[in-house]
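Chain by chain, the residues run as shown.
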Amino acid sequence: MNRIFIDQVGFLPGETKKAVLNFSASDFEVKDEGGKAVYHGKVSHFGTDEISGEDTFVADFSEFDEPGRYSVSAEGVDSAHFNIAGDVYDKLMKDICKCFYYLRCGDALDPKYAGVYYHKPCHMSKATVYGEDTDPVDVTGGWHDAGDFGRYSTAGAVAVAHLLYGVRFFKDLLKVEFNIPKVAGDKGDLPDILAEVRVELDFLLKMQRDNGSVWHKVTTFNHAPFIMPEDDTAELFLFNVSSLATADIAAVFALSYTVYKDYDKAYGDKLLKASRKAYEWLKENPEPLLFRNAPGSNTGEYGEAEDISNRFWAAAALYEATGEPGFLEDAKKQRDRLLEHEAKAKFKGNQGDAFTCFGWAEVAGLGTLSILLKGEPADLCAELRVRMQKEADRLLANASKNGFGLCMTKNDFIWGSNMELLKYLMVLTMAYKDTGKSEYRKAVSAGLDYLLGANSMDVSYVTGNGEKAFKNPHLRPTAVDDIEEPWPGLVSGGPNVGLQDERAKEVPKDSAPMKCYYDHIDCYSLNEITIYWNSPLVFVLAGFLA
Ligand code: G3I
Ligand code: 9MR
Ligand code: ZN
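Presented here is a report on the structure given in the accompanying data block. All values reported here derive from a predicted model rather than from experimental measurement.

Calculation rules
- Residues numbered from 1 in each chain as written.
- Chains lettered and ligands numbered in written order.
- Predicted model: local features only at pLDDT ≥ 70, side-chain atom pairs only at ≥ 80, totals over all residues.
- Heavy atoms only, no water.
- Near = heavy atom within 4 Å.
- Polar contact = N/O pair within 3.5 Å; in protein donor to acceptor, adjacent residues only side chain to side chain.
- Areas by Shrake-Rupley, 256 points an atom, 1.4 Å probe, with all protein chains shown as cover.
- Nonpolar A, V, L, I, M, F, W, Y, C, P; charged D, E, K, R; others polar.
- Donors = N, O, S within 2.8 Å, 3.2 Å for Na, K, Ca; no water.
- Tetrahedral: all angles 85-135°; square planar, octahedral: opposite > 155°, others 65-115°.
- Helix = DSSP H or I, 4+ residues; strand = E, 2+ residues; numbered from the N terminus.
- Buried < 20%, exposed > 50% of the residue type's maximum accessible area, 1.4 Å probe, protein only.
- Pairing = 2+ DSSP bridges.
- Salt bridge = Lys/Arg side-chain N within 4 Å of Asp/Glu carboxyl O.
- Core = buried A, V, L, I, M, F, W, Y, C linked by side-chain atoms within 4.5 Å.
- Phe/Tyr/Trp six-rings, centres within 6.5 Å; stacked < 30°, edge-to-face > 60°.
- Axes fitted to C-alpha atoms, helices over the stretch in contact; angles between N-to-C directions.
- Parallel < 35°, antiparallel > 145°, perpendicular 65-115°, else oblique.
- Left-handed = near helix turned anticlockwise from the far one by under 90°.
- Contact = heavy atoms within 4.5 Å.
- Patch = residues over 30% accessible without salt bridge, like charges linked within 9 Å, V, L, I, M, F, W, Y side chains within 5 Å.

## Notes on the site of ligand 1
With respect to spatial proximity, 15 residues lie near ligand 1, and among them Asp145, Asp148, Gln500, Glu528 and Tyr532 are the closest. Between an oxygen atom of ligand 1 and a side-chain N or O atom of Trp360, the distance comes to 3.2 Å. The separation between an oxygen atom of ligand 1 and a polar side-chain atom of Glu528 is 2.9 Å. The protein chains hide 63% of the 780 Å² of surface that ligand 1 would expose on its own. Along the lines of polarity and charge, the residues of the shell around ligand 1 split into 8 nonpolar, 3 polar and 4 charged.

Pasting the structure below:
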């Protein structure tokens, strides 16, 4: 079918503006809402690529800057509508931040703010410590991870990290208001983003044991069926502690201290104390304590093969927070270990360099961000900057190989491919910040275009944002709440060649990577949502707007 793919949210004046056609045409026009042509241009042929499988043609109208609502048209085919406006990303930014509020667990939702998406208090019972004869523990609060109701320490830490590094690098994030309850600080109310993140931090604080270690997760034994969270009353279990969770929590509490200390000193101090305590446990337990699901339990595993990147992040974040040389020494030691590990085991991620990874498993890139924030020592900063730029250059090379200008290769279309993309956009954002090279920013812009509709599924992967936004996230409340639309601002996991759930098998087998997607509520391997798929978009958008 002949189609014109476009970013359905739109463009800032001055931004690169492109539509992608999957059919041949010589001319195109930009039409206003009344159907009047306001811009004429020539289509250029790009050719086929291995990610979309389409023969692509590009309509570039970057020079057209007149604010308004438009579509692109060629050979009688119209694209979805989009806007050109100075505030084109305002709604998107509010929505992607507010998502975390709707995902709150416990008794923290208020109909005044949640509206129709309100749910009653959930998961309020104490959790059984799995395999131990100890008293059940109160770990209420935080955010549901995703379409399921689990709460996982490493996933939570990484989501918080994307948001707070976003705040550290791009201060305007503190100005985003998204209508959530106010939280008082020392000198007035906290900015909304910090009020929201604090909900997760309060929960993560409860996940720490007296000896400093951190439970890997709290979930029911198996995933709940499609029910509202308040109806999920099965026994909650705190599963084993892991060095992964303990390191990530040491890191994220140290980072959080650097932010919260200026708003609520006592809270900041509490975070730093908890971070040090987690770190002491790590020092006393140098062997990796990895995590595997208890036999028969099917909730998220978040397994990792080693804990080196986690330990690197913890040391780097504590060094940034305290300036104490011991943490720097440790960070360097872990850096060397990670390099050695990479050389031996051949780094498993798709990314070119472990020190640019911002995922739920590979977190060394987050440590890099801490070192860059610290700005010293000069040699380490220089090394990490070079790594970031090299990776950004690899991504630019990828982007030149397809008509969408998308920095992904076919190997990136795995479970949560949209996060693979967003992690790359974080790298490009940092490289642009560092060098001011416009190619990096253009690649970020093209990546956002892809996420918001310039893809061969012709879909915006953010609910409520775009004329053809996906509507059926694998998200339990959405499945049962009888509300037509899911709440806005949820990022879909996106295309995944693995097609790892039953319903996904309905996607034709020979589909190109970009088309291994189905907007169906059953498709947890293609269309789930999670806190750590939303959070990197907050970082990237904040950087893009800075
Ligand atoms: O790392 C390998 C890569 O080397 C290989 O090329 C590629 C090809 O298959 O696979 C990569 O591993 C993937 C791994 O994620 C790393 O990202 C696995 O295939 C894939 O199955 C795995 O998916 C994870 C999924 O859980 C299943 O474990 C997702 O990343 C992760 O986001 C997702 O997390 C779930 C939680 O368990 C529960 N809550 C919802 C959440 C989102 O779906
Ligand atoms: O809903 C679950 C989703 O959040 C997870 O990502 C996914 C993988 O752990 O599992 C989903 O739950 C499914 C379960 O694993 C198997 N039975 C069907 C469930 C979804 O309806
Ligand atoms: Zn809950």
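## Notes on the coordination of the zinc ion (ligand 3)
Those protein atoms acting as donors to the zinc ion (ligand 3) are Cys105 (SG), Cys122 (SG), His123 (ND1) and His144 (NE2), and they sit at 2.0 to 2.3 Å. One can describe the site at the zinc ion (ligand 3) as tetrahedral: its 4 donor atoms subtend angles covering 102 to 114° at the metal. Positions of the donor residues of the zinc ion (ligand 3), expressed as sequence spacing, correspond to C-x16-C-H-x20-H. Pair noted here: Cys105 is in the loop between α1 (90–102) and α2 (111–114) and His144 is in the loop between β10 (128–129) and β11 (151–152), with a separation of 39 residues, a long-range link. As far as the burial class goes, Cys105 and His144 line up, both buried.

## Considerations on unusual backbone geometry
Omega for the peptide link from Glu376 to Pro377 comes to -5°, which places this bond in the cis form. Among the secondary structure elements, Pro377 is positioned in the loop between α9 (364–374) and α10 (378–399). A positive phi angle is found at Asn179, which is not glycine, with a value near 55°. By secondary structure assignment, the location of Asn179 is in the loop between α3 (153–169) and β12 (184–185). Non-glycine residue Asp482 carries a positive phi angle of around 60°. Tracing the chain through its elements places Asp482 in the loop between α13 (476–480) and α14 (524–527). The exposure class of Asp482 is exposed, given its relative accessible area of 79%.

## Section: the sheet that holds β10
One open sheet accounts for 4 strands, arranged β10-β16-β15-β11; its pairing is mixed. Looking at the sheet topology across the chains shown, the edges are occupied by β10 and β11. In the sheet, strand β15 (residues 217–220) pairs with strand β16 (residues 236–238) via 3 bridges, with the strands oriented antiparallel. Each residue of the ladder has a partner; that of Thr220, found in β16, is Leu236.

## A look at the site of ligand 2
Around ligand 2, the neighbouring residues are Asp148, His223, Phe226, Asn298, Trp415, His474, Arg476, Tyr524 and Glu528. In this structure, His223 approaches ligand 2 through a side-chain N or O atom, which is 3.2 Å from an oxygen atom. The contact in question runs from an oxygen atom of ligand 2 to an N or O atom on the side chain of Glu528, over 2.6 Å. Of the residues that constitute the shell around ligand 2, the class distribution is 3 nonpolar, 3 polar and 3 charged.

## A few points about the pattern of salt bridges
What the rule picks out here adds up to 34 salt bridges. Between Lys17 and Asp65 there is a salt bridge; the shortest N-O distance is 2.6 Å. Of this pair, Lys17 sits in the loop between β2 (10–11) and β3 (18–21) while Asp65 sits in the loop between β6 (55–60) and β7 (68–74), and the two are 48 residues apart along the sequence. Residue class for Lys17 comes out buried when judged on its relative accessible area of 0%. Taking the shortest distance from any N to any O, the salt bridge between Arg69 and Glu467 comes out at 3.5 Å. Here the residue Arg69 occupies a position in strand β7, and Glu467 occupies one in the loop between α12 (438–451) and α13, the gap between them amounting to 398 residues. Under the relative-accessibility criterion, Arg69 is labelled partly exposed at 28%. A relative accessible area of 39% means that Glu467 is categorised as partly exposed. Each of Arg335, Asp336, Asp353, Glu383 and Arg387 takes part in salt bridges that share partners, so that together they form one network.

## Details of the nonpolar core
Counting 161 residues, the largest nonpolar core has Trp143, Tyr260, Trp313, Leu369 and Leu428 as the members making the most contacts within it. The element best represented in this core is helix α5 (residues 243–260), accounting for 12 residues. In this structure, Phe11, Leu21, Val30 and Phe57 belong to the second largest nonpolar core, which totals 22 residues.

## Some details on the packing of aromatic side chains
As enumerated under the stated definition, the model contains 35 aromatic pairs in all. Ring plane angle 45° and centroid distance 5.8 Å describe the contact between Tyr39 and Phe64, whose orientation is recorded as tilted. Placement of Tyr39 in strand β5 (residues 37–48) and of Phe64 in the loop between β6 and β7 is noted, with a sequence separation of 25 residues between them. In terms of burial, Tyr39 and Phe64 fall into one category: buried. Measuring from ring centre to ring centre gives 5.3 Å for Phe170 and Phe539, while their planes differ by 80°; the resulting arrangement is edge-to-face.

## With respect to the pairing of strand β4 (residues 27–32)
One ladder, built from 5 bridges, connects β4 with β5; its direction is antiparallel. Each residue of the ladder has a partner; that of Lys31, found in β5, is Ala37. Counting the residues that bridge the hairpin from β4 to β5 gives 4 residues, and of these Gly35 lies at a positive phi of roughly 90°. Relative to β7, β4 is paired through 4 bridges, and the arrangement is antiparallel. Its bridge partner being in β7, Glu29 is matched across the sheet by Ser73.

## Some words on the packing of α5 against helix α7 (residues 308–322)
Where α5 contacts α7, the two axes come as close as 8 Å, and the packing angle between them is 20°. Relative to α7, the element α5 lies roughly parallel. As for the relative orientation of α5 and α7, their crossing is left-handed in sense. Each of Ser243, Leu244, Ala247, Asp248, Ala250, Ala251, Val252, Ala254, Tyr257 and Thr258 in α5 lies in contact with α7, whose residues at this interface are Asn310, Arg311, Trp313, Ala314, Ala317, Leu318, Glu320 and Ala321. A per-class count over the contact of α5 with α7 returns 12 nonpolar, 3 polar and 3 charged.

## Some thoughts on a nonpolar patch on the surface
The grouping of Ile414, Trp415 and Tyr524 at the surface amounts to a nonpolar patch, some 260 Å² of accessible area in total. Turning to its location among the elements, Tyr524 is positioned in helix α14. Residue Tyr524 is classed as partly exposed on the basis of its relative accessible area, which comes to 34%.

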